[in-house]
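Understanding the architecture of this molecule
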Amino acid sequence: MDRIPVLTLGDVLLVSIQVDLEDQLALRLQEDLADRIVSTGAHGVIIDITGLDIVDSFVGRMLATIAAVSKVLDAETFVVGMRPAVAITLVELGLPLRGIRTALNVELGLAALRAARAAEYAEPEESDDDESVAT
Amino acid sequence: MINAEPTGETRRQGIGGDDDVVRVRQLVRAAAVATKLSLVDQTKLVTAASELARNTLIHGGGGYAEVIPVTNGRRNGILIVFVDDGPGIVDLDLAFTDGYTTAGGLGLGLSGARRLMDEFRVETTPGEGTTVSAVKWER
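Residues numbered from 1 in each chain as written. Chains lettered and ligands numbered in written order. Predicted model: local features only at pLDDT ≥ 70, side-chain atom pairs only at ≥ 80, totals over all residues. Heavy atoms only, no water.

With respect to the overall build of chain A
Scanning chain A from terminus to terminus reveals four helices and five strands. Ordered by position from the N terminus, the helices and strands of chain A form the series β-β-α-β-α-β-α-β-α. Every one of the 135 residues in chain A was classed for burial, and the buried ones make up 46%. Once local pairs closer than 6 in sequence are excluded, the contacts in chain A between residues at least 24 apart make up 72%. When the accessible area of chain A is evaluated, it comes to approximately 6900 Å², of which 54% is carbon and sulfur surface. (Helix = DSSP H or I, 4+ residues; strand = E, 2+ residues; numbered from the N terminus. Buried < 20%, exposed > 50% of the residue type's maximum accessible area, 1.4 Å probe, protein only. Contact = heavy atoms within 4.5 Å. Areas by Shrake-Rupley, 256 points an atom, 1.4 Å probe, with all protein chains shown as cover.)

Laid out in structure tokens, this is it:
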């Protein structure tokens, strides 16, 4: 099995999961993302799960781990594109998606990342627009 | 006992590795589509099957799954059966507790799968193995 491509979009890493996730592939993605955050200095990770028709506890745990590891490496993670049926199932399954932030699609995820980043640096002075977040 | 009469062919998939969990999901999804379960019910069924297949692999040391279209006389559904000859479950109540895990996971596999299904039955004998049977009925 190969790997899931990680795209660089300014200082954001974008991953779009389009295949039925095998456990080994999920674990490899976890490691690839950590490496790429460090090598690119990315401040945000967006994981698009539009292509996933289920998220079980294994994949849920993978997403939570990616979010936690990214956080430690100073990058915020947004999971975007969750299907409604997947959301309903996840809640019923009882999966605690701790530390995972979500947005409805990639565009909203990027906007939320930018806002989160701006808020973080807005403390000393209210300067939100000159924030050097590439798009 | 689950009241469910087969209405179609039983499909069997061995579970011996990670890739077999994916195959079980595909088999169950195809059966759910053929039985015309709603999208939400398909998703719940396939998710439960994924949890149970992983249990068979990790706790049971492998085994097999069977997917059977069934009816109870009023409604159609899908019966999924997971069989292993692993160590069995000594304390079933404990195994059904959210958050209880012996494998370092989230401890949601068995309890979570039960919530997603309409019927759920576990037969287990310590030292001999475990069989989990579960049905999702059409609405």
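Quick notes on the pattern of salt bridges
Should their charged atoms come close, side chains of opposite charge can pair. Using the criterion set out here, one finds 21 salt bridges over all chains in the structure. Of the charged contacts, one joins A:Glu76 and A:Lys71 as a salt bridge, the two residues approaching to 2.9 Å between their closest N and O atoms. For A:Lys71, a relative accessible area of 52% puts it in the exposed group. In this structure, the salt-bridge partner of B:Arg121 is B:Glu123, at a minimum N-O distance of 3.5 Å. Among the ionic contacts, a cluster of salt bridges with common partners joins A:Asp20, A:Asp23, A:Asp53, A:Asp56, B:Arg25, B:Arg29 and B:Arg54. (Salt bridge = Lys/Arg side-chain N within 4 Å of Asp/Glu carboxyl O.)

A few points about the confidence of the model for chain B
Taken over all residues, the pLDDT of chain B has a mean of 92, while the share at 70 or more is 96%. Here the complex is predicted with pTM 0.89, and the ipTM for its interfaces comes to 0.89. (pLDDT = per-residue confidence, 0-100.)

Focus: the pairing of strand S3 (residues 63–71) of chain B
All names here are of chain B. Across two bridges, strand S1 (residues 5–6) lies against S3 in antiparallel orientation. Bridged to Pro 6 within S3 is Val 70. Examined bridge by bridge, strand S2 (residues 11–15) and S3 share five bridges and lie antiparallel to one another. What sits directly across from Ile 15, in S3, is Gly 63. One ladder, built from nine bridges, connects S3 with strand S4 (residues 76–84); its direction is antiparallel. (Pairing = 2+ DSSP bridges.)

Some remarks on the pairing of strand S4 (residues 76–80) of chain A
Residue and element names in this part refer to chain A. Burial within S4 is extensive, with five of its five residues counted as buried. Of the two faces of S4, the one carrying Glu 76, Phe 78 and Val 80 and the one carrying Thr 77 and Val 79 are both buried. Pairing of strand S3 (residues 44–48) with S4, which is carried by five bridges, proceeds in the parallel orientation. Counterpart to Val 45 in the pairing with S4 is Thr 77. Bridge count for S4 against strand S5 (residues 101–103) is three bridges, and the pairing is parallel. What sits directly across from Val 79, in S5, is Thr 102. Tracing the backbone out of S4, into helix H3 (residues 84–93) and back to the parallel element S5 gives a crossover that is right-handed. (Right-handed = clockwise from strand over helix to strand, strands pointing away.)

A word on the packing of aromatic side chains
Residue and element names in this part refer to chain B. Following the criterion strictly, the structure yields one aromatic pair over all chains and no others. With 5.9 Å between their ring centres and 70° between their planes, Phe 96 and Phe 120 make a pair best called edge-to-face. Note that Phe 96 is positioned in the loop between helix H3 (92–95) and helix H4 (109–116) and Phe 120 in strand S5 (residues 119–125), a separation of 24 residues in sequence. We note Arg 114 situated over the ring of Phe 96; from NZ or CZ to the ring centre the distance is 3.8 Å. (Phe/Tyr/Trp six-rings, centres within 6.5 Å; stacked < 30°, edge-to-face > 60°. Lys NZ or Arg CZ within 6 Å of the ring centre and 35° of its normal.)

Quick notes on a nonpolar patch on the surface
Taken together, the side chains of A:Val38, A:Val69, A:Val72 and A:Leu73 present a nonpolar region at the surface, about 350 Å² in accessible area. Within the fold, A:Val72 resides in helix H2 (residues 57–72). (Patch = residues over 30% accessible without salt bridge, like charges linked within 9 Å, V, L, I, M, F, W, Y side chains within 5 Å.)

Considering H3(A)
All names here are of chain A. Inspection of H3 places Ala 85, Val 86, Thr 89, Leu 90 and Leu 93 among the buried residues, and these make up the whole buried set. Projection of H3 onto a plane perpendicular to its axis shows the buried side chains occupying an angular sector of 135°, all on one side. Facing away from the buried side of H3, by more than 90 degrees, are the exposed residues Pro 84 and Val 91. Gly 94 sits one or two residues past H3 and shows a positive phi near 90°. (Arc of directions from axis to C-beta.)

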